[in-house]
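Close look at the chain arrangement
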Amino acid sequence: MIAKSRRAGHFVIVRVGEKGERMPLTIAGSNIQKGTITLVVQEVGLSSTRLCELNEGDYITDVVGPLGQATHIENYGTVVCAGGGVGVAPMLPIVQALKAAGNRVITVLAGRSKDLIILEKEIRESSDEVIVMTDDGSYGRKGLVTEGVEEVIKREKVNRCFAIGPAIMMKFVCLLTKKYEIPTDVSLNTIMVDGTGMCGACRITVGGKTRFVCVDGPEFDGHQVDFDEMLKRMGAFKSIEREQMSKLQP
Ligand code: FES
């Protein structure tokens, strides 16, 4: 049912184990015939490690979705899509939808190193141009995602930008595009609990107003998002997380 009804931008919340953390994950793709959805997960903390440890035949305790608002897609003209690290996974359906709507799509793929550049083949299939940037220069060009985006902005007229990746990366892409007055959409991945607008765990400030990422988002006008507040809230459970992770070590 999720595979059938999901649109670009939608996410699911998954939980591994009865007491597991509820993890919001954007749907990267689906196969309606098989009834499957594709999630791309990077092992970074306790919950993502538990999810990645599952083998074929194991199961996820529960999956809720599709949640959130679908991406607003139209023919903007020339669009730059900036994807950082695992953020390229939620970017893929947006790139595909933008291309299908007739946009000229230029995608900037960025990661710390070559092995963190993902879904390049799929992104290339739906982009008019792809620029790869790595922090250490091990693949594509050496530099930050913002350098790749600015190069395009200086070269040609860009009508809209989409940025998905770590919060800090989206913050800097937005600072850059604000300078050039290019409307920019970001997809936020905050801590979530219920995913239906009731608990307030995912609240952020957008344009001075409180918004809930799970029901109002996950996409917002990046120029209006208070990224510093969001980064602070996302770090709230860091020490507990570290403690739990240390228990996992053999
Ligand atoms: Fe509870 Fe959004 S996750 S309000």
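Residues numbered from 1 in each chain as written. Predicted model: local features only at pLDDT ≥ 70, side-chain atom pairs only at ≥ 80, totals over all residues. Heavy atoms only, no water.

**Side note on helix α6 (residues 167-179)**
For clarity, the threshold we go by: Strands here are runs of E lasting at least two residues and helices are runs of H or I lasting at least four, both read from the DSSP assignment and numbered beginning at the N terminus. To estimate how far a helix should reach, multiply one less than its number of residues by 1.5 Å. The rule is simple: take the accessible area with a 1.4 Å probe, protein chains only, and divide by the maximum for that residue type; under 20% is buried, over 50% is exposed, in between is partly exposed. Any two residues whose heavy atoms approach within 4.5 Å at even a single point are treated as in contact.
For α6, which comprises 13 residues, the first-to-last C-alpha distance of 19 Å matches the rise-based estimate of 18 Å (1.5 Å per residue) to within 8%. Of the residues making up α6, those classed as buried are Ala 167, Met 169, Met 170, Lys 171, Val 173, Cys 174, Leu 176 and Thr 177. Where the residues of α6 are buried, they touch β6 (78-84), α5 (145-155), β10 (160-164), β11 (184-187) and α8 (227-234). Remark: Glu 181 follows α6 within two positions and exhibits a positive phi of approximately 55°.

**Points about the side chain of Thr 107**
Looking at the secondary structure, you find Thr 107 in strand β7 (residues 104-111). With residues near it in sequence (within four places) discarded, Thr 107 still touches Cys 81, Val 95, Ile 123, Ser 127, Glu 129, Val 130 and Ile 131.

**Some words on the domain arrangement of the chain**
Quick reminder of the rule: Here the limits of each domain have been adopted from an automatic or database domain assignment. Buried area is calculated as the accessible area (1.4 Å probe) missing from two parts once they are joined, with the contributions of both summed. N or O atoms closer than or at 3.5 Å make up a polar contact, with two conditions inside protein: a donor-capable atom paired with an acceptor-capable one, and, for residues adjacent in sequence, both atoms drawn from side chains. Each residue receives one of three labels: charged for Asp, Glu, Lys and Arg, nonpolar for Ala, Val, Leu, Ile, Met, Phe, Trp, Tyr, Cys and Pro, and polar for the others, Gly being one of them.
For the chain, the domain assignment lists domain 1 (2-67), domain 2 (69-186) and domain 3 (188-250). Centre-to-centre, using C-alpha coordinates, domain 1 lies 18 Å away from domain 3. Facing ten residues of domain 1, the contacting portion of domain 3 comprises 13 residues. Where domain 1 abuts domain 3, roughly 1000 Å² becomes buried across the two surfaces, and 64% of that area is made up of carbon and sulfur atoms. Of all residues in domain 1, Phe 11, Pro 24 and Leu 46 give up the largest surface area on contact with domain 3, accounting jointly for 43% of the area buried on that side. On the surface where domain 1 and domain 3 come into contact, there are zero residue pairs in polar contact (both at pLDDT 80 or more). A total of three residues in the side of domain 1 that touches domain 3 trace back to one element, the largest contributor, which is helix α2 (residues 46-52). Each residue belonging to the side of domain 1 that touches domain 3 can be placed in one class, and the counts come to five nonpolar, three polar and two charged.

**As for the sheet that holds strand β5 (residues 62-67)**
Note the cut-off: Any two strands with at least two DSSP-identified bridges between them are counted as paired. Inter-axis angles, ranging from 0 to 180 degrees, are taken between N-to-C directions of lines fitted to C-alpha atoms, where helices are fitted over the stretch in contact.
As summarised here, the arrangement of the three strands in space is β2-β1-β5, forming an open sheet in which the pairing is antiparallel. Of all strands in the sheet, those with a lone pairing partner are β2 (23-26) and β5, marking the two edges. In this sheet, neighbouring strand axes are inclined to one another by 25° on average, regardless of whether the strands run parallel or antiparallel.

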